[in-house]
Amino acid sequence: MDDSVSHVLLERTLAWINRVVAKFKQGLEGGEWKDEVSDEEAVNLSKDISSLCPLYGPKLYLFYERLYGTYYKHSVLPCVKNKQGEEMLRELCHRWNNHQHMVSYLAKFFGGLQKFVPELSFTSDEVCLASQVLSKRKRAGKYKASLEEVAMVTFRDQVLIASEATTALIKMITDQRDGVGIDQKLLSRVCDLYVLSGLGSEEVYEMNFESYFLYETQSYYSGKASSWIADDSFPDYLLKVEKSLKNEKERVAPYLHSSTEPKLVDVVHKALLVSVQDQLLEKENSGCRSFLSKDQKDNLSRIFRVYRAFPKRLKTFADFFKLHITEEMNSLIEQAEHALNSGRSVKDEVLFREIADLHDKYMEYVRDCFHYRSRFHNAFKEAFATLGGSLIAERLATFCDNKAGVNDLPNLYKIYDTASLSLEPVAEAFKRHVTAQVKACIQKAIDALSSGGSVEDEVLVREIGDLHDKYIEHVRDYFQYHRLFHSAFKKAFEICCKMTLGGSSIAERLATFCDSKAGVNDLPKVYKIYDTASLSLEPVAEAFELHVTARVKACIQKVKDAEALVKEIIKLHGEHMDYVGKFLENHSLFLNALKDAFKIFCNEEVDGGSSSAVTYCENLLKKAEMDDISTVYTLYHVISKGLEPVAKSFELHVTAQGNSLIKQTVDGITSGCSVKEKQVLVIRDLIDLHDKYMVYVTGWVHDLTLFHKAFNDAFRLLCSKTVGGSSMPELLAIFCDDLLKKARNGKSNDDSTIESTIDTVVKLLDFIDDRDVFAEFHRKKLAGRLLVDRNVSDESIITKLKGRFGSSLTYKMENMVLDMELVKERQLGFKAYMGDAGMLDLSVNVLNKGFWPGFKTSSVNLPCEMSQCIGAFSAYFGTITRGRKLEWIYSEGTCLVKGTFYSGPIDLIVTTLQAIVLCAFNSTETLSYQELIEQVKLSKEDLISVLHSLSCSKYVILKKEPASKTIAETDAFQFNSEFTSTSRRIRVSVPSLPLPPACEREKVAQDVDRDRRYVIDASLTRIMKSRKVLPHQQLISECVEQLSRTFKPDRAMIKKRIEDLIIRDYLVRDTEDPNKYKYVA
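Everything numeric here is computed off the predicted structure, so don't read it as measured data.

Chemist: Where do I start with the overall build of the chain in this structure?
Modeler: Scanning the chain from terminus to terminus reveals 44 helices and 15 strands. Here the chain, with 1081 residues, has 45% of them falling under the buried criterion. Looking at the chain alone, contacts between residues at least 24 apart form 70% of all its contacts between residues at least 6 apart. Accessible surface computed for the chain: about 55000 Å², of which carbon and sulfur atoms make up 50%.

As structure tokens, this is what we get:
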């Protein structure tokens, strides 16, 4: 566009906008406005502005900003400032609504200006609001500022801030604090304006409202603090503080921004608590000292509650607490010293009780008032630490040594622990007491023997056991399992077990009791005594084994039915396992004893000695369901090699279940399904079977290798089967194709279920040797999906296959997906290459022939339009590649043909071959079969298929003479101008004629066999290149191992490939040892 012409257009456009906007503003001021610009005028004006942007972008931005700035400065702001208080805020909100209408109105004209924002540069004379907004956005890494943001900044600076709305807002909030009702919705709308005008930042809100609001809040509550502290007691003051804090927190939600709450609470805290803390805590008759001395726990809790947000300020409070306890402690010390100095006696137990009461009292303060806050707990301990080195500490030690009873020890423990004094005196006193109690029990038995009486061992065991239980509870409940007290407890029992009774030590009497008289209920007590006294537990374990063995033998003698016997033994085993866990702490000695006791089950004869219990269990397992087998595992896992028959039965059961499912699916249940549906259902059943029994393996048999092997053998056998002539690799490929097609069409379950199913498919491939056969079938299915939808990637299954079996299995599939990704890039490049050439819209899939399955090629005479497109793309392809030749596959393409009929135009979606035939009718209405075959040069088979789809199928695009359902070489065809359809776009499909399954399998087998030869050659060459010389058997073994992740190579084939490599001079036989090969560099 010429500069003079464009300048005239600019002036005319701006003048027209000024007139339109002036009328719009008049409407806003009058309270009613209407759009007087038609849609056509708005579109033309928008186009004019867009065409002017490259030359006059900055001027247009200046003009756009001034449309708002002038109006706001001279019309809007005076109206707002003429009002006061709440009325001013209402006017401000009304003007904001008008602003939104104006932004929406101007967007119709200036929409095209937006995309030129990143290229705008303003001169020094053109610095405006728009440029400031853009520069800030660019510094933040956001280059496309919207026109709405420029308008927002103008309203903010020219109206919102200039109107002094902040003062009115704060006045209304102050009125609310003083009990005056206000319009909270109005306040919320104005506060939201401050936030919105920050363009995603809270800076405007914080600088222009929040900072002033917080300052006024500080002043307001500072004044309140001065009056309240003079008139009210400390408790009343705290009540008012709590109420004020609650009111300020409730103020945030209705109209303030959420970020204001912590700042507001902090300001109120500082004004009402921090600045006057010293005055409050030391307030006469109602300060902290008064609360402590009068035991006013509620007020102390309230102080803690209001000050806990200020950890540093709590230190002063904690210091008062510490000082108060210290003073009371010192008072006790002084009273005791004064009494001693005056010649009066001081009873240690009385002194101890007073200190214990003092400890319990202030420990309740720490717990109930201060919630175990570390600062107060430490203050409490530091106050009690003043006991160290004092007269009271010495008297407490004396009390421990001489007079302390067992009921005094817990309080002594707490006092010593709190005062950080050594606990050894208390632990020693505990040991003496326990020793004395146990010795008294033993002495009672000694006295009975001395007087000619008898001593029952079981009575003695129970009495000592009861003492053990009593004092271990003391160690747990009173001393928190402190190591000193636990050690003292054990030493007491060690001492007592060395005492003699009737010529034998207590330990020996206990061992004798275990061997002869101990019942199962006595063993836990004996175990605890032995363990505490550090005695050998072997006698107790032997007694336990004897008891269990007797129970097992009795069960074998009583129950004759094999199945009932197994269940009884299982039940018995479970009971004793629970017993060992509950009473004997799962000690290894007792677990081994239990295992040895149940071994008798394998050796005892059952049912008159006809066969062993193991034989009975094996027979049972052969006919059992899985629930029965799961119960047998519990018993057999404790027997050496006992799991082998269980695992074998498990393998047979899984195999039988799999065979049954396959037979039912193929023959019975799905007799009405198609062949493909049956094939998919077979794999679905196998996947469900795999998941079901994998849970058994990982769950109830604890991932044992033996059961993993049985599971793998069963599925390896199932996956070696052929179903309806299809091998498992083919069935898995068909299943994956069906699964992924349903996922693409949205007919399958959620993504997690699909991923889980793919995981199981990959696991099933572990049981198949010929994984490359699956890969070949899957590659053919993938090709079909990719050509239908370029967005199909199969990334998930390819990634899982690659991770499990290596890249050699997925190399071709990965490159097929990569080809489709390159198609998108090449398509964009081709469009850019062609520009506005005016040709047909052409999309080409360029596929690497080495990675894709073979496609049917056809020689055909293309219409001139198609020839031009193909020539253009070939020329473009030559510019981006070197030495690469394109081979066009017309049989896989689609076209959109616009058909002109009497009823109107209809879009026909057809194949490329159909489009070629239809284009032949552009120059004539009627063509015979012979004329068509000469003109389009299609093979007879392809032409008959195409003509049948166009003249004998659902949509009759061509009329055929004579009218019949078959195509003959004598037929004539005429374009059907009378064709009608209710749809404006239809798809004319060609009936597909896929290869028979047997032919397709044969083709796959040939391709796999060819690829295997290449893979074996590469593997042999790779091995020999690294090893240089290898014997024949070692070379074959390494080759088999290297290729086992992809397929199981036949040794005869490997030998044949070795001979071929020798012929091709890659390898030579060693002249000295013909059984060795050498690599030829």
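Chemist: What is the right way to look at helix H43 (residues 1032-1043) in this model?
Modeler: One full turn of an α-helix is made of 3.6 residues, so residues set three or four places apart face in the same direction. Its twelve residues place the ends of H43 17 Å apart at the C-alpha level, agreeing with the 16 Å of an ideal helix rising 1.5 Å per residue. Regarding H43, the residues found buried are His1032, Leu1035, Ile1036, Glu1038, Cys1039, Val1040 and Leu1043.

Chemist: How should the packing of helix H9 (residues 234-255) against helix H10 (residues 260-274) be read in this particular structure?
Modeler: Contact geometry for H9 and H10: axes closest at 10 Å, N-to-C directions at 160°. With respect to each other, H9 and H10 are oriented roughly antiparallel. Where H9 crosses over H10, the two elements pack in a sense that is right-handed. In contact with Tyr237, Leu238, Val241, Ser244, Leu245, Glu248, Lys249 and Val252 of H9, H10 contributes Glu261, Leu264, Val265, Val268, His269, Leu272 and Leu273. The class makeup of the residues in the contact of H9 with H10 is ten nonpolar, two polar and three charged.

Chemist: Even after reading the chapter, I still don't get the pairing of strand E8 (residues 904-911), so can you show me in this structure?
Modeler: Residues in a regular strand point their side chains to alternate faces of the sheet. Taking burial as the measure, the eight residues of E8 include six buried ones, the bulk of the element. Relative to E8, strand E7 (residues 894-901) runs antiparallel, the two sharing eight bridges. Paired with Cys895 across the strands is Val910, a residue of E8. Once E7 ends, the chain turns through two residues before running back antiparallel as E8.

Chemist: Honestly, the pattern of salt bridges in this entry has me stumped. Any pointers?
Modeler: Two side chains carrying opposite charge are able to pair once their charged atoms lie near each other. Tallied over the entire structure, the rule returns 53 salt bridges. Across the salt bridge formed by Asp477 and Arg476, the nearest N and O atoms sit 2.8 Å from each other. Here Asp737 makes a salt bridge to Arg785, at a shortest N to O gap of 2.6 Å. Of this pair, Asp737 sits in helix H33 (residues 728-744) while Arg785 sits in helix H35 (residues 771-788); the two residues are 48 residues apart in sequence, bridging distant segments of the chain. Each member of the pair, Asp737 as well as Arg785, is classed as buried. Each of Lys780, Lys812, Lys1003, Asp1007, Arg1010 and Asp1011 takes part in one network of salt bridges that share partners.

Chemist: Even after reading the chapter, I still don't get the sheet that holds strand E15 (residues 1076-1079), so can you show me in this structure?
Modeler: Pairing between the strands of a sheet is mediated by backbone hydrogen bonds and can be parallel or antiparallel. Taken together, the three strands give an open sheet; going across it, the order is E13-E15-E14, and neighbouring strands pair in antiparallel fashion. The sheet terminates laterally at strand E13 (1029-1031) and strand E14 (1067-1069), the two strands that pair on one side only. Between one strand and the next, the sheet's axes are offset by a mean angle of 30°, whatever the strand orientation. The pairing of E14 with E15 spans three bridges and is classified as antiparallel. The residue bridging Leu1067 from the neighbouring strand is Tyr1079, located in E15. Here H43 sits on the sheet in contact with E13 and E15, set at roughly 95° to E13. Of the strands in this sheet, E14 and E15 are in contact with helix H44 (residues 1051-1063), which crosses E14 at around 100°.

Chemist: Help me understand H35, please; the structure alone is not making it clear to me.
Modeler: The terminal C-alpha atoms of H35, which comprises 18 residues, lie 26 Å apart, in line with the 26 Å expected from a rise of 1.5 Å per residue. For H35, the buried fraction is high: 13 of the 18 residues fall into the buried class.

Chemist: What should I look at first to understand the environment of Lys960 in this one?
Modeler: As for its position among the elements, Lys960 is in strand E10 (residues 958-961). Residues Lys960 and Ser928 lie 32 residues apart in sequence; the distance between their C-alpha atoms is 9.4 Å. Those residues in contact with Lys960 that lie beyond four places of it in its chain are Ser951, Cys952, Thr966, Ile967, Asp971, Ala972 and Phe973. Of note is the side chain of Lys960, whose polar atom sits 3.1 Å from the backbone oxygen of Thr966.

Chemist: In this structure, what is going on with the confidence of the model for the chain? I would like to understand it.
Modeler: Caution applies to low-pLDDT regions: their predicted coordinates should not be interpreted in detail. Looking at the chain, pLDDT values average 79 and 85% of them are 70 or higher. Counting interchain partners and residues more than four positions distant, the pLDDT-below-50 stretch residues 137-144 has 13 contacts. Considering only residues more than four positions removed or in separate chains, one finds that residues 605-614, a stretch of pLDDT under 50, has 19 contacts.

Chemist: How should the packing of aromatic side chains be read in this particular structure?
Modeler: Geometrically, a pair of aromatic rings is defined through the distance of the ring centres and the angle of the planes. In this structure the tally under the stated criterion is 41 aromatic pairs. Ring geometry for Tyr68 and Tyr72: centres 6.0 Å apart, planes at 40°, overall tilted. Residue Tyr68 and its partner Tyr72 are located together in helix H2 (residues 39-81), separated by four residues, close to a single helical turn. With relative accessibility at 0%, the residue Tyr68 sits in the buried group.

Chemist: How do you make sense of the pairing of strand E11 (residues 972-975) when you look at a structure like this?
Modeler: Side chains of E11 alternate between two faces, with Phe973 and Phe975 buried and Ala972 and Gln974 left unburied. Sheet topology places strand E9 (residues 926-928) next to E11; three bridges connect them, and they run antiparallel. Considered in E11, the bridge of Thr926 is made with Gln974. One ladder, built from four bridges, connects E10 with E11; its direction is antiparallel. Bridging from a neighbouring strand, Leu958 pairs with Phe975 of E11.

Chemist: Any chance you could explain the environment of Val680 here in plain terms?
Modeler: Looking at where Val680 falls in the secondary structure, it is placed in helix H31 (residues 675-698). Not counting chain neighbours up to four residues away, the residues in contact with Val680 comprise Ile734, Phe735 and Asp738.

Chemist: Would you mind going over the environment of Lys937 with me for this structure?
Modeler: Turning to its location among the elements, Lys937 is positioned in the loop between helix H40 (929-936) and helix H41 (940-951). If we ignore the near neighbours within four places in the chain, the residues touching Lys937 are Ser859, Val860, Asn861 and Leu932. There is a polar contact of 3.3 Å between the side chain of Lys937 and the backbone oxygen of Glu934.

Chemist: Teacher, can you tell me more about the packing of H35 against helix H37 (residues 807-834) here?
Modeler: The packing of two helices is summarised by the inter-axis angle and the distance between the axes. The geometry of H35 relative to H37 is characterised by a closest axis approach of 9 Å and an angle of 10° between their N-to-C directions. Classified by the angle between their axes, H35 and H37 sit roughly parallel to one another. The residues of H37 that touch H35, namely those facing Arg771, Asp772, Ala775, His778, Arg779, Leu782, Ala783 and Leu786, are Leu809, Lys812, Met813, Met816, Val817 and Met820.

Chemist: When you look at the sheet that holds E10 in this model, what are you seeing that I'm missing?
Modeler: Pairing within the open sheet is antiparallel, and its three strands lie in the order E9-E11-E10. The open sheet has two edge strands, E9 and E10, and neither has a second partner. In this sheet, adjacent strand axes meet at a mean angle of 25° when their direction is disregarded. Those strands touched by H41 are E10 and E11, and its axis lies near 110° from that of E10.

Calculation notes
Residues numbered from 1 in each chain as written. Predicted model: local features only at pLDDT ≥ 70, side-chain atom pairs only at ≥ 80, totals over all residues. Heavy atoms only, no water. Helix = DSSP H or I, 4+ residues; strand = E, 2+ residues; numbered from the N terminus. Buried < 20%, exposed > 50% of the residue type's maximum accessible area, 1.4 Å probe, protein only. Contact = heavy atoms within 4.5 Å. Areas by Shrake-Rupley, 256 points an atom, 1.4 Å probe, with all protein chains shown as cover. Expected span 1.5 Å × (residues − 1). Axes fitted to C-alpha atoms, helices over the stretch in contact; angles between N-to-C directions. Parallel < 35°, antiparallel > 145°, perpendicular 65-115°, else oblique. Left-handed = near helix turned anticlockwise from the far one by under 90°. Nonpolar A, V, L, I, M, F, W, Y, C, P; charged D, E, K, R; others polar. Pairing = 2+ DSSP bridges. Salt bridge = Lys/Arg side-chain N within 4 Å of Asp/Glu carboxyl O. Polar contact = N/O pair within 3.5 Å; in protein donor to acceptor, adjacent residues only side chain to side chain. pLDDT = per-residue confidence, 0-100. Phe/Tyr/Trp six-rings, centres within 6.5 Å; stacked < 30°, edge-to-face > 60°.

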